[in-house]
Amino acid sequence: MSRPFLPRPDIPDSLVAAERGYALRPWHRSDAPLVREAFAPEDMAPMGPWPMRTDAEAVQWIADWTHKQVQGIGYALAVQSPLGRVIGNVAVSDVDRVNGTGWVTYWTAPSARGRGVATIGLRALATWAYTALDLYRLELGHRVSNAAACSVAKRAGFQVEGLQRAKLRLEGARYDVELHARLATDPVPDL
Ligand SMILES: CC(C)(COP(=O)(O)OP(=O)(O)OC[C@H]1O[C@@H](n2cnc3c(N)ncnc32)[C@H](O)[C@@H]1OP(=O)(O)O)[C@@H](O)C(=O)NCCC(=O)NCCS
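Residues numbered from 1 in each chain as written. Predicted model: local features only at pLDDT ≥ 70, side-chain atom pairs only at ≥ 80, totals over all residues. Heavy atoms only, no water.

K.L.:
Describe the site of the ligand, with residues and values.
P.N.:
Around the ligand there are 21 residues in total, and Gly114, Gly116, Thr119, Asn146 and Arg155 lie nearest to it. In this structure, an oxygen atom belonging to the ligand sits 2.6 Å away from a main-chain N or O atom of Gly114. Arg115 is positioned with one of its backbone polar atoms (N or O) 3.2 Å from an oxygen atom of the ligand. Considered on its own, the ligand offers 950 Å² of accessible surface; in the complex 70% of this is hidden by protein. When contributions to the shell around the ligand are tallied by element, the ones reaching two or more residues are strand 5 (101–108), helix 3 (117–131) and helix 4 (147–155). The biggest single contributor to the shell around the ligand is helix 4, with six residues. (Near = heavy atom within 4 Å. Polar contact = N/O pair within 3.5 Å; in protein donor to acceptor, adjacent residues only side chain to side chain. Areas by Shrake-Rupley, 256 points an atom, 1.4 Å probe, with all protein chains shown as cover. Helix = DSSP H or I, 4+ residues; strand = E, 2+ residues; numbered from the N terminus.)

K.L.:
Summarise the sheet that holds strand 7 (residues 159–170); cite the residues concerned and give the values.
P.N.:
Pairing in this open sheet of eight strands is mixed, and the strands run 1-2-3-4-5-6-8-7 from one edge to the other. Sheet topology places strand 1 (16–17) and strand 7 at the edges, where each strand pairs with a single neighbour. With two bridges joining them, strand 1 and strand 2 (residues 23–26) adopt antiparallel strand pairing. Opposite Val16, over in strand 2, you have Leu24 as the bridge partner. This element, helix 3, spans strand 1, strand 2, strand 3 (75–80), strand 4 (86–96), strand 5, strand 6 (137–143) and strand 8 (173–183) of the sheet and lies at about 35° to strand 4. Relative to strand 8, helix 4 is tilted by about 10°, and along the sheet it contacts strand 5, strand 6, strand 7 and strand 8. (Pairing = 2+ DSSP bridges. Contact = heavy atoms within 4.5 Å. Axes fitted to C-alpha atoms, helices over the stretch in contact; angles between N-to-C directions.)

K.L.:
Hey, could you go over the nonpolar core for me, with residue numbers and the actual values?
P.N.:
Of all hydrophobic cores here, the largest spans 33 residues; its most connected members are Val92, Tyr106, Leu122, Leu125, Trp128 and Leu138. Counting residues per element, this core draws most heavily on helix 3, which supplies 10 residues. Of all hydrophobic cores here, the second largest spans 17 residues; its members include Val35, Phe39, Ala58 and Ala76. (Core = buried A, V, L, I, M, F, W, Y, C linked by side-chain atoms within 4.5 Å. Buried < 20%, exposed > 50% of the residue type's maximum accessible area, 1.4 Å probe, protein only.)

K.L.:
Account for the pairing of strand 3, with residues named and values stated.
P.N.:
The buried count for strand 3 comes to six of six residues, which makes it a mostly enclosed element. Side chains of strand 3 alternate between two faces, with Tyr75, Leu77 and Val79 and Ala76, Ala78 and Gln80 buried alike. Sheet topology places strand 2 next to strand 3; four bridges connect them, and they run antiparallel. Looking at the pairing, Ala23 lines up with Gln80 of strand 3. Hairpin geometry of strand 3 and strand 4 is characterised by an intervening segment of five residues between the two adjacent antiparallel strands and by a positive phi of about 90° at Gly84.

K.L.:
Lay out the packing of aromatic side chains in plain terms, naming residues and giving numbers.
P.N.:
Under the definition given, this model contains seven aromatic pairs. Both rings, one in Trp27 and one in Trp107, keep their centres 5.9 Å apart while their planes meet at 35°; by these two values the pair is tilted. Taken together, the positions of Trp27 in the loop between strand 2 and helix 1 (32–38) and Trp107 in strand 5 put the pair 80 residues apart, joining distant regions of the chain. Pairing Phe39 with Trp61 gives two aromatic rings, centres 5.9 Å apart and planes at 65°, and the pair type is edge-to-face. (Phe/Tyr/Trp six-rings, centres within 6.5 Å; stacked < 30°, edge-to-face > 60°.)

K.L.:
Residue-level account of helix 4, with values.
P.N.:
Here helix 4 has its buried residues at Ala149, Cys150, Val152 and Ala153. End-on view of helix 4: buried residues confined to an arc of 160°, all on one side of the axis. Relative to its buried face, helix 4 has exposed residues pointing more than 90 degrees away, namely Ala147 and Ala148. On its buried face, helix 4 sits against strand 5, helix 3, strand 6 and strand 8. (Arc of directions from axis to C-beta.)

K.L.:
Break down the pattern of salt bridges for me, citing the residues and quoting the values.
P.N.:
When the charged atoms of two side chains lie near each other, side chains of opposite charge can form a pair. Following the criterion strictly, the structure yields six salt bridges and no others. In this structure, the salt-bridge partner of Asp31 is Arg25, at a minimum N-O distance of 2.9 Å. Residues Asp31 and Arg25 agree in their burial class; the two are buried. One salt bridge connects Glu139 with Arg137, and the closest N-O pair in it is separated by 2.6 Å. The partly exposed category is assigned to Glu139, whose relative accessible area is 23%. (Salt bridge = Lys/Arg side-chain N within 4 Å of Asp/Glu carboxyl O.)

Quick look at the structure:
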């Protein structure tokens, strides 16, 4: 069945409200310097399809997500602070409309970490994905050594489902990945 070209209720054209005055919004081309800076730390290497060394590469990252969004297969939303600064990203990719599933990722700009940004962003993304995209099951995975990512997942209501042994190879070493998932009907812990 073909999808209507416009309007697309699954593409937010304004802010998506999150808790504590935060909000999600679509990425804009003008956000490229911020994306480049956010990808500078070593722990961000697995989060991008290519190294984000220049603004042009960051523009391409934004364009890539916009393309996925138009296709209806992936959505990346910037996390905006109560002061209106963009400080993180939450995304759902591999959107499967038949089964109502999606794969979730998140990152926070280095200067804004440890303040609950990813937790608030992920909780808002999940609510949005269950309603605007009509998904039922959201999945994510993190290296077992990534305690912060695990904590974010649990505080956003994503239950542990299992372990994928030696799933990732990074700089020659292999890493186990812990899987989490949250169903639309799962309870969400208080923030
Ligand atoms: C993982 C990441 C997204 C967390 O972002 P954040 O905005 O700092 O996360 P929050 O502040 O919402 O929550 C961090 C939680 O992890 C905990 N935490 C932070 N660093 C930690 C560490 N080194 N060890 C253990 N827990 C840690 C915090 O205490 C907090 O838990 P709490 O709410 O129970 O106190 C961020 O570190 C990041 O962008 N990392 C690189 C990308 C990545 O790994 N993404 C996840 C894979 S999908």
